[in-house]
Amino acid sequence: MLGNNRNNSDIQNQSPFQLVIPHLEGVKRTGLDRGIAKCPAHDDRTPSLTFREVDDGRLLLHCKAGCPIHEITQALGLELRDLFPPRPPEPGKPAKRIKPAFYASDVLRALHFEALVLLAAGETLLQGADFSEYELDRIQLAIERIEESMKLSGVKL
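Bear in mind the structure is a predicted one, so any value in this text is a computation, not a measurement.

A. Examining the environment of D33 more closely. Relative to the helices and strands, D33 resides in the loop between β1 (25–31) and β2 (34–38). D33 sits in the partly exposed class, given a relative accessible area of 26%. Put simply, D33 and D55 are 22 residues apart on the chain and 9.5 Å apart in space, counted from C-alpha to C-alpha. Excluding anything up to four places from it in sequence, D33 contacts F17, F51, R52 and E53.

As structure tokens, this is what we get:
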């Protein structure tokens, strides 16, 4: 894990690929700018995190087990912006607005799905049925994802 003791000048001089890849475990390169590693956001026994550096310098990460990107970056002690190369402003031009890491429509779709999980759990509870341990774990995950989404968006709980 990178932690909070990172030197800002070190980060600015490294590409996202150079910053992240050395801190992953079980890295297997599948190409010059891509590979697979163990996901730091969950107990990964076999590599499930794919990574790829695209032409503009961004580092794309995808956990095949479904870990959200903010959980992966958090487990590495990073922020989402660390997956993007810094863009120095051009002389004489105002700095461009950085494209959001997530579109609101994508976030709302994810929250909608988690709300459906909780709705189904509520209906099951009203029918007097018991939950399996798996179902209880899934309900807890839905709650955590909704709370984390609210926290990241600045909504006070």
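So, next bit.
B. Inspection of the pairing of strand β3 (residues 49–53) at higher detail. Where β2 meets β3, 4 bridges bridge the pair, whose relative direction is antiparallel. Within the sheet, the bridge partner assigned to I36 lies in β3 and is T50. As paired elements, β3 and strand β4 (residues 59–63) share 5 bridges and run antiparallel to each other. Bridge pairing in β4 places E53 opposite L59.

Rules behind the numbers
Residues numbered from 1 in each chain as written. Predicted model: local features only at pLDDT ≥ 70, side-chain atom pairs only at ≥ 80, totals over all residues. Heavy atoms only, no water. Helix = DSSP H or I, 4+ residues; strand = E, 2+ residues; numbered from the N terminus. Buried < 20%, exposed > 50% of the residue type's maximum accessible area, 1.4 Å probe, protein only. Contact = heavy atoms within 4.5 Å. Pairing = 2+ DSSP bridges.

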